[in-house]
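If you want the building blocks of each chain, they are given just below.
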Amino acid sequence: MEPSLSPAARLVQKLDRDRFATVLFAPESAREKLFALYALNVELANIRTQVREPQAGLIRLQWWREVLDGGRDPEARPHPIAWAARQLPLVGADFEPLLTARENDLEPAPFADLAAVEDYARATAGCLARLACTLLGTDGHRAAETVGTAFALVGLARAMAFHHGTGWSALPGGAKADQAANRAALAPITARAAQLLDEAQAMAYPRAALPVLLAGTLARRYVQVLAAAGGDPFDSAVSRPRPMPLRLLWHSWRGRF
């Protein structure tokens with residue numbers, strides 16, 4: 001029988017299947033830490049869809065900020081994800097780039113240009129990847145941040161149809177008038193993701209960082225899927241989950257992502 005999953009692991013398995021798959025390549029002793037970190041990210045990413053007004057989202061982000069700083073014990077203890085995140089060997093300041101970046105989720109069109117989109121990707125998934133390396137006790141932070149940034153850019157591309165349905169857009173200047181214009185605006189984002197993956201592959205990194213860097217294996221494949229769909233993020237093949245365990249296993253065995 002499979003061992004029961006912790007609340008953090010179950011949340012990641014349900015809502016972040018890609019990262020759940022990569023955690024399985026980490027040493028068993030580190031997996032619960034990574035699940036706690038990634039579950040925290042799920043909680044923060046979901047704030048936008050759980051509130052009606054930006055101010056309510058800012059209040060929730062502040063709650064998480066205070067919890068991660070060591071406060072609000074009576075509220076944090078019964079919250080399995082908050083309490084698991086509190087046990088991580090990190091301090092509140094480590095999470096600040098992630099928390100601050102998530103404020104962009106509360107505006108319908110927060111990015112003026114491609115550089116702003118990349119800054120957001122770096123502060124969210126890039127920061128998350130750096131922290132994951134810290135939890136693994138390994139170096140490779142620079143490569144991990146670069147891979148995480150690329151993974152986030154690809155994720156924004158794959159989720160564009162969903163985001164538009166909720167009134168939010170990662171495109172510079174916001175959603176466009178028609179799908180052709182949206183595809184054209186999206187192309188530089190995916191091109192930048194592919195460039196970052198190439199840059200990360202040229203960097204030096206220890207094998208121990210692979211559980212984090214394997215997100216690059218998935219991101220590369222997603223870029224290919226998007227290209228095969230003609231760059232159309234509204235194609236159902238683009239957003240379909242693809243954990244790709246055999247592909248991850250092969251790259252892990254090779255020691256490359």
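1. Points about the pattern of salt bridges
Next up, step 1: Per the stated rule, a full pass over the model turns up 13 salt bridges.
Next up, step 2: A salt bridge links Glu 96 to Arg 65; the shortest N-O distance between them is 3.0 Å. Here the residue Glu 96 occupies a position in helix H8 (residues 92-101), and Arg 65 occupies one in helix H5 (residues 54-68), the gap between them amounting to 31 residues.
Next up, step 3: Taking relative accessible area as the criterion, Arg 65 reaches 15% and is therefore assigned buried.
Next up, step 4: Across the pair Glu 103 and Arg 65 runs a salt bridge whose closest N-O atoms are separated by 3.9 Å. Of the two residues, Glu 103 is situated in the loop between H8 and helix H9 (114-136) and Arg 65 in helix H5; the sequence distance between them amounts to 38 residues.

2. Some details on the environment of Leu 44
Next up, step 1: In this fold, Leu 44 is placed in helix H3 (residues 28-45).
Next up, step 2: Sequence spacing of Leu 44 and Glu 103 is 59 residues, and the spatial spacing of their C-alpha atoms is 9.8 Å.
Next up, step 3: If near-sequence neighbours (up to four positions away) are discounted, Leu 44 is found in contact with Leu 61, Trp 64, Leu 98, Leu 99, Arg 102 and Asp 105.

3. Considering the layout of surface pockets
Next up, step 1: Empty space within the largest pocket amounts to approximately 1,100 Å³.
Next up, step 2: Leu 15, Asp 16, Gly 155, Ala 159 and His 163 are the residues nearest the centre of the largest pocket, which is lined by 37 residues in total.
Next up, step 3: Sorting the residues of the lining of the largest pocket by element identifies helix H1 (7-15), helix H2 (17-23), H3, helix H4 (47-50), H9, helix H10 (141-158) and helix H11 (160-165) as the ones contributing at least two each.
Next up, step 4: Broken down by element, the residue count for the lining of the largest pocket peaks at 6 residues, all from H10.
Next up, step 5: Classifying every residue of the lining of the largest pocket gives 19 nonpolar, 7 polar and 11 charged.

Parameters at a glance
Residues numbered from 1 in each chain as written. Predicted model: local features only at pLDDT ≥ 70, side-chain atom pairs only at ≥ 80, totals over all residues. Heavy atoms only, no water. Salt bridge = Lys/Arg side-chain N within 4 Å of Asp/Glu carboxyl O. Helix = DSSP H or I, 4+ residues; strand = E, 2+ residues; numbered from the N terminus. Buried < 20%, exposed > 50% of the residue type's maximum accessible area, 1.4 Å probe, protein only. Contact = heavy atoms within 4.5 Å. 1 Å grid on protein atoms, 1.4 Å probe; cavity = no way out; pocket = protein on both sides within 12 Å on 5 of 7 lines; lining within 4 Å. Points joined across faces, edges and corners; volume = space filled by probe spheres on them. Nonpolar A, V, L, I, M, F, W, Y, C, P; charged D, E, K, R; others polar.

Honestly, that's just the spatial picture; any functional story needs more than this.
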